[in-house]
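Per-entry structural report
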Amino acid sequence: MRDFRRYVALVFLLSTTFLGCAAATEEKRPRAVDLLLVNGHIYTSNPRQPWARALAIQGSRIVAVGDEKQLAALRGPATRVIDLGGRMAMPGIIDSHSHFLDGSISLDQVSLDDVYTIPEMQKRVRAYAAAHPERAWLLGRGWVYDAFKPSGLPTKEILDEVVPDRPMVLECYDGHSVWPNSRALALAGIDKNTPDPQHAGIVVGAVVHDPATGEPTGVLKEEAVDLVRRVIPKPGREEKLRALRAGLREANRHGLTSALNASGSLEEMELYDELRRQGELTVRMTTSLMMEPQLDAKTLAMYEEGRRRFQDEWVRGGVIKAFMDGVIESHTAAMIEPYSDDPKLSGSLNYTPEQFRSNVAELDRRNFQVITHAIGGRAVRVTLDVYEAAAQANGPRDRRFRIEHIENINPQDIPRFGRMGVIASMQPFHCYPEPNLLNVWARNVGPERLPYSFAWQAIAAGGAMLAFGSDWPVVSLDPFIGIQNAVTRQDWNGQPAEGFVSAQRVTLDAALAAYTCDAAYAEFEETRKGTLDRGKLADLIVLSQDLYAVKPLEIRKTVPVLTMVGGQIVYEDSSATLSALGR
Ligand SMILES: [Zn+2]
């Protein structure tokens with residue numbers, strides 16, 4: 001019986017390996033394929049066959065994986081052969097959490113990502129304003145709280161000194177606060193009388209006022225961001241398409257072949273669809289729609305429309321994103337115990353638990369996948385409670401609830417991820433040990449909660465699946481800085497020597513799985529992508545260096561020399577002359 005089964009399996013394997021078997025012409029040789037990758041060190045992400053030397057591709061799919069000898073019969077006169085020169089190849093990166101349109105638009109704005117002092121910021125801003133005299137509004141992003149001592153918040157005067165005449169708004173690196181100058185505050189009508197925004201009696205943001213004068217100081221937090229955002233002219237359709245083209249190039253250059261868009265809209269899905277029709281979509285996009293506090297019939301119909309219209313391997317809907325809380329640095333993340341640096345504060349939830357429970361139950365009943373931003377321990381706990389209640393109410397199904405970020409967690413909640421099958425979608429580079437994390441974030445969390453910071457290892461050990469991503473443009477979309485940080489939790493100089501909460505590091509195998517096969521699972525796409533396997537989409541990257549051969553602190557220096565999506569080369573480092581070898 002056992003042998004018979006093995007025989008059947010072998011016949012099945014052979015007949016599917018040579019998909020193009022030309023039965024009609026009675027030909028014994030398998031049909032030649034379009035493309036052969038040979039002489040590679042190919043990491044497949046498939047635990048049954050983790051490494052291979054060669055790969056055969058027909059159209060958009062992988063048809064065979066093995067070594068050159070095994071695949072020799074698939075080579076015909078028209079087959080293109082690419083010699084990988086012993087380089088490491090792996091499945092294309094699936095970025096499980098990005099804000100793709102915002103990121104794409106930010107490519108053309110002023111970036112404060114790498115400046116940490118006020119004079120440097122002013123210099124950067126002045127130069128940007130001078131270079132763009134035509135722009136009515138000056139926009140940018142990337143400042144960190146730690147640059148503004150001792151309050152941790154910037155002021156409008158810093159910008160007024162360099163841009164007095166035009167409105168300017170700079171978003172914090174985390175996207176949860178903005179820093180407008182006086183001109184922007186005036187155009188938004190924000191003054192000493194502007195109250196904090198509320199939803200149904202819950203305060204959901206803050207206009208920071210000077211305690212002495214009552215004047216706005218120049219920082220808007222959380223939903224108060226909308227007070228100024230609504231007066232900033234919106235980019236038009238062509239402008240967005242142009243930005244997305246640049247964003248797609250940037251993503252492919254860094255090895256991304258898929259992304260989950262964590263803050264999308266129906267309009268954004270239409271833009272991806274338009275790019276696809278023009279043959280320009282080179283990253284597969286799953287786009288989530290925002291959970292409205294009140295799910296009325298019109299909102300639900302919009303969610304249904306997104307799922308009905310966009311449901312293939314290039315543009316996908318069916319995911320609803322909720323924001324449960326804010327961020328730890330500005331004390332807006334909801335914690336179980338008060339913040340360590342200020343016992344009066346413990347953050348707050350954006351929904352009442354009852355409202356969130358009824359929303360999630362309704363969406364789950366309609367087979368939507370719900371993903372929830374939850375950063376503080378209380379937000380994580382309430383989200384798990386609500387997921388559990390929805391699963392109980394609606395009965396068993398393959399629902400794959402996700403929680404995004406999980407920067408801090410109460411140890412009692414850790415095993416619930418594995419038990420309930422909730423996916424932990426986390427962004428390794430958010431835990432990069434720079435001054436903002438060590439001085440502001442860690443101070444606010446406090447020593448008792450610190451061991452459960454970005455608890456990748458503990459959550460995975462509890463049986464949960466991790467899906468890693470960037471959160472671009474909060475940080476760079478380069479996955480290799482994320483992979484390095486996932487395995488080191490050290491800065492690029494190797495500090496702290498023991499790693500920041502080093503018990504929560506993960507292995508390289510685990511990090512790669514979280515960026516490939518497990519990330520595919522997290523978007524219900526594991527039968528199509530995530531491993532280099534027969535029948536899967538030919539989404540892969542070839543790397544400048546072998547991740548398994550270099551020191552952990554060298555991983556970030558890795559760059560893709562070739563990125564392929566659906567069998568098409570979408571990025572190639574011209575100096576690597578890879579595919580030229582086969583022409
Ligand atoms: Zn995000």
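Attention in this report is confined to the structure presented alongside it. All chains use their own residue numbering, which begins from 1 and follows the written sequence. Confidence filtering applies because this is a predicted model: local features only for residues at pLDDT of at least 70, side-chain atom pairs given and counted only at 80 or more, and all residues used for totals across whole chains, interfaces and linings. Note that water and hydrogens are dropped before the side-chain values are worked out from all heavy atoms of the structure.

This part is about the side chain of Arg 416. Inspection of the secondary structure assignment puts Arg 416 in helix H13 (residues 414–420). Only heavy atoms matter for contacts: two residues are in contact if any of them lie within 4.5 Å across the pair. When near neighbours in sequence (up to four residues on either side) are disregarded, Arg 416 contacts Arg 381, Leu 384, Asp 385, Glu 388 and Gly 421. Numbered from the N terminus, helices here are DSSP runs of H or I no shorter than four residues, and strands are runs of E no shorter than two.

Keep in mind that water is not among the atoms, so a site may look incomplete; donors are the N, O and S atoms within 2.8 Å of the metal, or 3.2 Å for Na, K and Ca. Within the protein, His 97 (NE2), His 99 (NE2) and Asp 471 (OD) serve as the donor atoms for the zinc ion, at 2.0 to 2.2 Å. Each donor residue of the zinc ion lies on one chain, and together they are spaced H-x1-H-x371-D. On the criterion of sequence distance, the pair formed by His 97 in strand S8 (residues 93–98) and Asp 471 in the loop between strand S23 (466–468) and helix H16 (479–488) is long-range, its members being 374 residues apart. In this structure, His 97 and Asp 471 share a single accessibility class: buried. Buried residues are those whose accessible area, probed at 1.4 Å on protein chains only, stays under 20% of the maximum for their type, while exposed residues exceed 50% and partly exposed ones sit between those limits.

Note on pairing: two strands pair once DSSP finds at least 2 bridges between them. As summarised here, the arrangement of the four strands in space is S5-S4-S1-S6, forming an open sheet in which the pairing is mixed. The open sheet has two edge strands, strand S5 (61–66) and strand S6 (80–83), and neither has a second partner. Neighbouring strand axes in the sheet, compared pairwise and without regard to direction, differ in orientation by 20 degrees on average. Two strands pair when backbone bridges link them, and strand S4 (residues 54–58) and S5 are joined in this way by five bridges, in the antiparallel orientation. From the neighbouring strand, Ala 56 faces S5, where its bridge partner is Ala 64. In this analysis, axes come from line fits to C-alpha atoms, helices being fitted only over the stretch in contact, and the angle between any two N-to-C directions falls in the range 0 to 180 degrees.

Its volume calculated, the second largest pocket comes out at about 560 Å³. What lines the second largest pocket is a set of 31 residues, among which Lys 221, Ser 330, His 331, Thr 332 and Leu 345 lie closest to the centre. Contributing elements (two or more residues each) for the lining of the second largest pocket: strand S15 (205–209), strand S16 (216–222) and helix H14 (435–445). Looking at the lining of the second largest pocket residue by residue, the classes come out as ten nonpolar, twelve polar and nine charged. The definitions used throughout rest on a 1 Å grid laid over the protein atoms alone, on which a cavity is an enclosed set of points accommodating a 1.4 Å probe that cannot get out and a pocket is an open set flanked by protein within 12 Å on both sides along at least five of seven lines; lining residues are those having an atom within 4 Å of a point. Grid points are joined across faces, edges and corners, and a volume is the space filled by probe spheres set on the points. Under the grouping applied here, Gly and all other residues not named as nonpolar or charged are polar, the nonpolar ones being Ala, Val, Leu, Ile, Met, Phe, Trp, Tyr, Cys and Pro and the charged ones Asp, Glu, Lys and Arg.

This next bit is on the nonpolar core. Residues Met 291, Phe 417, Ile 459 and Phe 468 are the most contacted members of the largest nonpolar core, which totals 123 residues. Sorting elements by how many residues they give to this core places helix H12 (residues 377–394) first, with seven residues. Apart from the residues lying within four places of it in its own chain, the contact partners of Phe 468 are Ile 94, Asp 95, Ser 96, Met 426, Pro 428, Trp 456, Ala 486, Val 506, Ala 511, Ala 514 and Tyr 515. Nonpolar cores were defined as sets of buried Ala, Val, Leu, Ile, Met, Phe, Trp, Tyr and Cys residues, with membership established by side-chain atoms within 4.5 Å. In this structure, Ile 57, Ile 62, Val 542 and Met 564 belong to the second largest nonpolar core, which totals 18 residues.

Next up on the list: the sheet that holds strand S26 (residues 568–572). Remark on secondary structure: sheet strands pair via backbone hydrogen bonds, oriented parallel or antiparallel. Read from one edge to the other, the open sheet built from six strands follows the order S3-S2-S7-S24-S25-S26, with strand pairing classed as mixed. If you trace the sheet from one side to the other, it starts and ends with strand S3 (51–52) and S26, each paired once. Pairing analysis gives four bridges linking strand S24 (residues 540–543) to strand S25 (residues 560–565), with the strands arranged antiparallel. Note that in S25 the partner of Leu 540 across the bridge is Met 564.

None of this, on its own, says anything about what the molecule does.
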